[in-house]
Amino acid sequence: MSVLKRSVLVGLVLLALLHLNDGACWIKRMKTGAVRCQDDVDGTQHRVGSSWTNSKCHKCDCTAREMRCCDGLPTVLNVAEDCTVEYNYHTCTFKVFKKKDHSIPCSHSGVGK
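Conventions we followed
Residues numbered from 1 in each chain as written. Predicted model: local features only at pLDDT ≥ 70, side-chain atom pairs only at ≥ 80, totals over all residues. Heavy atoms only, no water. Phe/Tyr/Trp six-rings, centres within 6.5 Å; stacked < 30°, edge-to-face > 60°. Buried < 20%, exposed > 50% of the residue type's maximum accessible area, 1.4 Å probe, protein only. Lys NZ or Arg CZ within 6 Å of the ring centre and 35° of its normal. pLDDT = per-residue confidence, 0-100. Contact = heavy atoms within 4.5 Å.

Let us look at the packing of aromatic side chains. Counted under the stated rule, the structure contains two aromatic pairs. Both rings, one in Y87 and one in F94, keep their centres 6.1 Å apart while their planes meet at 45°; by these two values the pair is tilted. On the basis of relative accessible area, F94 is assigned to the partly exposed category, the value being 27%. Ring pairing ties together the aromatic residues Y87, Y89 and F94, which thus form one cluster. Against the face of Y89 rests K56, its NZ or CZ located 4.5 Å from the ring centre.

Here it is as structure tokens:
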């Protein structure tokens, strides 16, 4: 096999695996014939073909083969010591602000979502 063909083959394999490399998502395989998925956070049942957002803002989809969930909120990083993060799980939003004055926002970075 030529180097070019081998390179194309390796590239195609890597592209096929790309969707599996999402650190903010996870997949739970379903048993054959399953008609519902159970949310591991809330314990709620969801029919195959449905989508939902649970109480921790994870966005989930239920198919006959798998339940796939992804973080709906990022993990906030690089927050200064005098700042804090407040997650609102009802609206699936967050704020980063000074501990002593919540009206002053703080810079930060985040991963996921």
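Here the protein chain averages 84 in pLDDT, and 78% of its residues register 70 or above. Here residues 10-23 is modelled with pLDDT under 50, and outside its nearest four sequence neighbours on either side it reaches two contacts, counting other chains as well.

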